[in-house]
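Residues per chain, in single letters:
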Amino acid sequence: MRRPDPMSKNKSKERLLSDLSGMFRGRRSAVDEAQEIMYEAWEAPTRQRAIALARKALEISPDCADAYILLAEEASKSLEEAIELYEKGVQAGERALGTKRFKEYVGHFWGLLETRPYMRARSGLAQCLWEAGKRAEAVEHYWELLRLNPNDNQGIRYLLMPCLIELGRDGDAEKLLHQYKEDGSAVWIYSTVLLEFRKHGDSPTSNKLLQEALAENKHVPSFLLGSKKMPRNLPDYYGLGDENEAVLYAYGSRGAWKATPGALEWLATRVK
């Protein structure tokens, strides 16, 4: 299964913050102990060892959301099984946090360290639901994650944007564009181009926006149009304007371009 949060792979810093948080609180809870095992699991030398540690964490506390996430990613044998594990992770995160924190910390959720396993589980669930064809449900999860944490440390908007366009929810997509209007990523600039084409087709404005997008990342059309092959594995890192960014954009957004009649053909004629 795909890992839900590529931006949250640096767990060593999170582990240090968790340790400091535990020191200030004094007594460690069962969830804290289980979470400590999960930090070991993420650094385990083998997949089998990581899975064993995740199961050990759940024996200590069934409210350890990250344990369910690891099992969904590494031990699930089907998309349905992964969805079930992510759902359990979301439920575990809800139990661990309690209703009070959901009310108190809405708007800056990621800033509270204890919320992150829940956020990771819900993001993973949304991605799997989309892959399973439960698309409206997936989109609702994405919107809720952004409501809880509009700073969007997870990059949820980059997952949500192509989903909205592919579903024909252009108004919602434009609302999302405006919400993060300072974003200069390929997802934002090429989504702006595509939304303009969906409204007005081959127009002076859509052509102008495309030229501006090409100036920011010239690699995107090659991957969208298939003139360059997608790599076997998606890159872990990218820089604005580089090929890795283009690969990630094409992987996530080609469905939105294909769902727009004439868009890929127009793109091909304009980048020759």
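Reference entry: report on the structure contained in this document.

## Looking at the packing of helix α2 (residues 30-42) against helix α4 (residues 65-74)
Alright, step 1. In contact at an axis separation of 9 Å, α2 and α4 are set at 30 degrees when each is read in the N-to-C sense. Overall, the two elements α2 and α4 adopt an arrangement that is roughly parallel. Considering how the two elements wind past one another, α2 and α4 form a crossing that is left-handed. Contact residues: Gln 35, Met 38, Ala 41 and Trp 42 in α2; Asp 66, Ala 67 and Leu 70 in α4.
Alright, step 2. Classifying every residue of the contact of α2 with α4 gives five nonpolar, one polar and one charged.

## Things to note about the packing of aromatic side chains
For any pair of aromatic rings, the description consists of the separation of the ring centres together with the inter-plane angle of the planes.
Alright, step 1. The tally for this structure, following the rule as stated, stands at eight aromatic pairs.
Alright, step 2. Measuring from centroid to centroid gives 4.8 Å for Phe 197 and Trp 266, while their planes differ by 25 degrees, and the two rings are stacked. In this pair, Phe 197 is assigned in helix α10 (residues 186-200) and Trp 266 in helix α14 (residues 263-270), connecting sequence segments 69 residues apart. Each member of the pair, Phe 197 as well as Trp 266, carries the same accessibility label: buried.
Alright, step 3. Among the aromatic residues, ring-to-ring pairing joins Phe 102, Phe 109 and Tyr 118 into one connected group.
Alright, step 4. Here the basic side chain of Arg 135 rests over the ring of Trp 130, its NZ or CZ set 4.2 Å away from the ring centre.
Alright, step 5. Note that Arg 157 overlies the ring of Tyr 180, its terminal NZ or CZ placed 4.5 Å from the centroid.

Cut-offs applied
- Residues numbered from 1 in each chain as written.
- Predicted model: local features only at pLDDT ≥ 70, side-chain atom pairs only at ≥ 80, totals over all residues.
- Heavy atoms only, no water.
- Axes fitted to C-alpha atoms, helices over the stretch in contact; angles between N-to-C directions.
- Helix = DSSP H or I, 4+ residues; strand = E, 2+ residues; numbered from the N terminus.
- Parallel < 35°, antiparallel > 145°, perpendicular 65-115°, else oblique.
- Left-handed = near helix turned anticlockwise from the far one by under 90°.
- Contact = heavy atoms within 4.5 Å.
- Nonpolar A, V, L, I, M, F, W, Y, C, P; charged D, E, K, R; others polar.
- Phe/Tyr/Trp six-rings, centres within 6.5 Å; stacked < 30°, edge-to-face > 60°.
- Buried < 20%, exposed > 50% of the residue type's maximum accessible area, 1.4 Å probe, protein only.
- Lys NZ or Arg CZ within 6 Å of the ring centre and 35° of its normal.

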